[in-house]
Amino acid sequence: MTDVPTTPAPTTAPRVSRTTAASRVAAVVALPVVLLLAALPYLAAPNVTRLLVDLFTLVLLATMWNLLAGYGGMISVGQQGFIGLGAYAVLVADLFGVNPYLGLVLAMVAAAVLALPTALLVFRLHGGYFAIGTWVVAEVYRLVTVEFRAVGAGSGASVTGLSAVPPVLRGAITYWCALAAVVVAIGGVYLLMRSRLGLALTAIRDEPTAAATLGVRVRSAKRIVFVVAAAGCGLAGALIAVDSLRVQPDSVYSVQWSAFMIFMVVIGGLGTIEGPVLGAVVFFAIQQLLAPYGAWYLVVLGAVAIAAALLARRGLWGLVTLHRDVRLLPTGHRLRQDR
Amino acid sequence: MILSVHGLSRSFGGLTVVDDVSLQVGAGTALGVVGPNGAGKTTLLNLLDGVLAADAGRIELDGRDVTRASAAQRCRAGVGRTHQTPRPFSGMTVFENVLVGAVHGAGLSAGAAHRSAVGCLERTGLLHRANELAGDLRLLDRKRLELSRALACAPRLLLLDEIAGGLTDAELPELIAIVREVRDGGTAVIWIEHIVHALLEVADRMLCLAQGAVLAEGEPAAVLDDPAVREVYLGSSVEGLGGVTAVPAAGEGLPAAEPGERP
Ligand SMILES: Nc1ncnc2c1ncn2[C@@H]1O[C@H](COP(=O)(O)OP(=O)(O)OP(=O)(O)O)[C@@H](O)[C@H]1O
Ligand SMILES: [Mg+2]
């Protein structure tokens, strides 16, 4: 604060501002950018859109984990449970002759429905116990899944229902689905965080007891976020399935997904919308550039994580916004005094 | 009566911290609460606002039983509260902190909530810090923030836990004026404070809590003159429990003691 009013009471009431100069620009640019991305299958080679599907899936995952941890204060290491569930929803849809793309919707619904009893269970735990609890639940999902022969038990199965679709068209449809998922996820989290629920969530993250004494329904707010994040991760799992056309339990239910999500969000900037997107891009770049060198990329990931922890406590996006207010998707409130 | 409490008790392990407390506070009246450190005053507030569940007893708000209601439900039903050790939402701005109370406690829609939050900050003299992060505030401003947030809930019952400690002689009358104004607006007030002369400016009735139980209750002057009340205060000083820095001078009620922040 530089303008502490020492002069007599201001004449007009302060105004609440919820935008920044950068966000007003972003609002104008967003639509053309999305339209351009939507047209990309006509403009670029299929291998480009194929890569972007992977990137969009990572952005979706990072956005969901940030919603949970950065806004809801829930450090989960069990979101792979919902990723796996989503992937298997596609397999099940395929099994019953349903179009696997409809399986994307089914995946979201299945993950959301299973999130409710899961929340009942894990919300009894706090801190580290909550984290471990979510992991255990995810393992249980995996163990139950591999009991079913129809979906290939321990070795998984392939998605067969899309073999009739020409590969180029299939790639384009998958790309459009991933693009839509990312746009809805980022836009949805943005609107959610600007709503009453967003205000409640930020309060809960900082001080749950005080939030409750100020009238915030802590349980129900957290439950909503848990369910939404589960649906988002279910959708990501389904995208992985329709993209790779193969579902393996050890891969889709891998705890590695949680490590990736944490990495992307922490590197990018926890508790911001832009940060996790940036983190996903960085992660994706490292993964792609170092792919030929095998496990080396894990070493680099570790080094980057340590560097970020030391040099950028609030993530890369925190560095970007350190001196200039370039927030593209601001969720807070600024009080301005017009004189 | 806005608040009536019957036989409220709570223990931790084997230790009974609030012991069979009954009290009543009517609209537009203020009850001052005194008692030595560890008497159970804060725990009593925690029971009243729903942060803690009672082991026994009954709490009625406007005649409705809220003994089993959650903290959020009670806030929405009109209970506002400040914390002895401030609990700011550190990552949110001061304005947003207050907004939480206006939106979720008072149930206002966006425009009305914004105006109400600005009004509350103006009242407590914190408006010039509206855009600062609450985590960056000093202790005194954190206490102002506690009060602003509680006011934003538009409380019918306001629970204050040692908000005067650390204020200067110039600031204290401002605080007293705010509490008076709230009380005169028809809100019931319960104010825990070690600075007894501040309490005497506002309290219509006084209650002394010792070892969880009501030691004396009634006219403020009469309660402070009660030999048993003077005894607990002196006793705590003798035993070195802190809370009293001077022996009361004759005819001065009880001494102004610095409560000191507990970790
Ligand atoms: N959650 C808890 N678990 C165990 N003991 C507790 C808990 N909360 C309070 N106590 C104990 O209950 C007693 C009363 O504490 P309380 O904070 O209510 O006192 P107080 O009257 O507010 O004191 P002060 O004037 O120092 O603020 C203390 O002995 C304290 O250690
Ligand atoms: Mg206390």
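Looking up chain B in an unreviewed UniProt entry gives the name ABC transporter ATP-binding protein, with the organism given as Pseudonocardia humida.

With an unreviewed UniProt entry as reference, chain A is termed Branched-chain amino acid ABC transporter permease, source organism Pseudonocardia humida. Quoted verbatim from the Subcellular location (unreviewed entry) heading of the UniProt record, the comment on chain A is "Cell membrane".

Draft legend 1. Seen up close, the overall build of chain B. When helices and strands are counted, chain B shows nine helices and 10 strands. Expressed as a percentage of the 263 residues in chain B, the buried residues total 57%. Long-range pairs, those at least 24 residues apart, make up 65% of the contacts in chain B with a sequence separation of at least 6. For chain B, the computed accessible surface area is about 10300 Å², with 50% contributed by carbon and sulfur atoms.

Draft legend 2. Region of the structure containing the domain arrangement of chain A. Residues and elements named next belong to chain A. Taken domain by domain, chain A comprises domain 1 (34-254) and domain 2 (255-326). Placing a centre on the C-alpha atoms of domain 1 and another on those of domain 2 gives a separation of 20 Å. Between domain 1 and domain 2, the contact holds 29 residues from the first and 21 residues from the second. For the domain 1 and domain 2 pair, buried surface summed over both sides reaches about 2100 Å², with 78% attributable to carbon and sulfur atoms. Among the residues of domain 1 in contact with domain 2, Leu58, Trp65 and Ser254 are the three that bury the most area, contributing 28% of the side total. Summed over the shared surface of domain 1 and domain 2, the result is zero salt bridges. Run the count over domain 1 and domain 2 and you get 10 residue pairs in polar contact (both at pLDDT 80 or more). Of all elements in the fold, only helix H2 (46-71), helix H3 (80-95), helix H6 (167-194) and helix H10 (249-252) reach the threshold of two or more residues within the side of domain 1 that touches domain 2. Of the residues forming the side of domain 1 that touches domain 2, the biggest block, 13 residues, is contributed by H2.

Draft legend 3. Highlighting the pattern of salt bridges. All names here are of chain B. Evaluated as defined, the whole model comprises 21 salt bridges over all chains. A salt bridge links Asp141 to Arg129, with the shortest nitrogen-to-oxygen separation between them at 2.8 Å. With a gap of 12 residues between them, Asp141 in helix H5 (residues 139-152) and Arg129 in the loop between helix H4 (110-124) and H5 connect regions that are remote in the sequence. Here Asp141 and Arg144 are joined by a salt bridge, their closest N and O atoms 2.6 Å apart. With Asp141 and Arg144 both in helix H5 and three residues apart, the pair spans about one turn of that helix. There is no split in this pair, since Asp141 and Arg144 are both buried. What emerges from the salt-bridge pattern is a single network uniting Arg129, Glu132, Asp141, Arg144 and Glu171.

Draft legend 4. Representation of the coordination of the magnesium ion (ligand 2) within the structure. Coordination of the magnesium ion (ligand 2) by the protein involves B:Thr42 (OG1) and B:Gln84 (OE1), with metal-donor separations of 1.9 to 2.1 Å. With B:Thr42 in helix H1 (residues 41-49) and B:Gln84 in the loop between strand E6 (79-81) and helix H3 (94-105), this residue pair connects regions lying 42 residues apart in the sequence.

Draft legend 5. The arrangement of the state of the cysteines in detail. All names here are of chain A. Throughout the structure, instances matching the rule amount to zero disulfides over all chains. Here Cys177 stays unpaired: no disulfide links it, and the sulfur of Cys233, its closest cysteine neighbor, is 18 Å away. Its relative accessible area of 22% is what places Cys177 among the partly exposed residues.

Draft legend 6. Examining unusual backbone geometry more closely. Residue and element names in this part refer to chain B. Phi at Asp20 is positive, roughly 55 degrees, even though this residue is not glycine. In this fold, Asp20 is placed in strand E2 (residues 15-25). Even without being a glycine, Glu162 presents a positive backbone phi close to 50 degrees. We classify Glu162 as buried; its relative accessible area is 4%.

Draft legend 7. Inspection of the interface of chain B and chain A at higher detail. At the interface, 34 residues of chain B touch 26 residues of chain A. For the pair chain B and chain A, the summed buried area comes to about 2700 Å², and 67% of that belongs to carbon and sulfur atoms. Where chain B packs against chain A, one counts one salt bridge. Across the pair A:Glu207 and B:Arg87 runs a salt bridge whose closest N-O atoms are separated by 3.0 Å. In this structure, the connection of chain B to chain A is made through 11 residue pairs in polar contact (both at pLDDT 80 or more). Of all the secondary-structure elements, those providing two or more residues to the side of chain B that touches chain A are helix H2 (71-76), H3 and H4 of chain B.

Draft legend 8. Just the site of ligand 1, in detail. All names here are of chain B. Neighbouring ligand 1 are 14 residues; Gly38, Lys41, Thr42, Thr43 and Gln84 lie closest to it. Asn37 is positioned such that a nitrogen or oxygen atom in its side chain is 2.9 Å from an oxygen atom of ligand 1. Gly38 has a polar backbone atom sitting 2.9 Å from an oxygen atom of ligand 1. In the complex, 68% of the free accessible area of ligand 1, which totals 630 Å², lies under the protein chains. Considering every element that reaches the shell around ligand 1, the biggest residue donor is H1, with three residues.

Draft legend 9. Broad picture of the sheet that holds strand E4 (residues 56-61) of chain B. Residue and element names in this part refer to chain B. Spatially, E2-E1-E4-E5 is the arrangement adopted by the four strands of the open sheet, whose pairing is antiparallel. Either end of the sheet is taken by a strand with one partner, and the two such strands are E2 and strand E5 (64-65). Note that strand E1 (residues 3-12) and E2 share seven bridges and pair antiparallel. The residue of E2 that forms the bridge with Ser4 is Gln24. H1 contacts E1, E2 and E4 of the sheet and is inclined by roughly 120 degrees relative to E1.

Each value, and the rule that gives it
Residues numbered from 1 in each chain as written. Chains lettered and ligands numbered in written order. Predicted model: local features only at pLDDT ≥ 70, side-chain atom pairs only at ≥ 80, totals over all residues. Heavy atoms only, no water. UniProt positions renumbered as here; feature names shortened; annotations may be inferred. Helix = DSSP H or I, 4+ residues; strand = E, 2+ residues; numbered from the N terminus. Buried < 20%, exposed > 50% of the residue type's maximum accessible area, 1.4 Å probe, protein only. Contact = heavy atoms within 4.5 Å. Areas by Shrake-Rupley, 256 points an atom, 1.4 Å probe, with all protein chains shown as cover. Domains from an automatic or database assignment. Buried area = accessible area lost by both parts, 1.4 Å probe. Salt bridge = Lys/Arg side-chain N within 4 Å of Asp/Glu carboxyl O. Polar contact = N/O pair within 3.5 Å; in protein donor to acceptor, adjacent residues only side chain to side chain. Donors = N, O, S within 2.8 Å, 3.2 Å for Na, K, Ca; no water. Disulfide = S-S within 2.5 Å. Near = heavy atom within 4 Å. Pairing = 2+ DSSP bridges. Axes fitted to C-alpha atoms, helices over the stretch in contact; angles between N-to-C directions.

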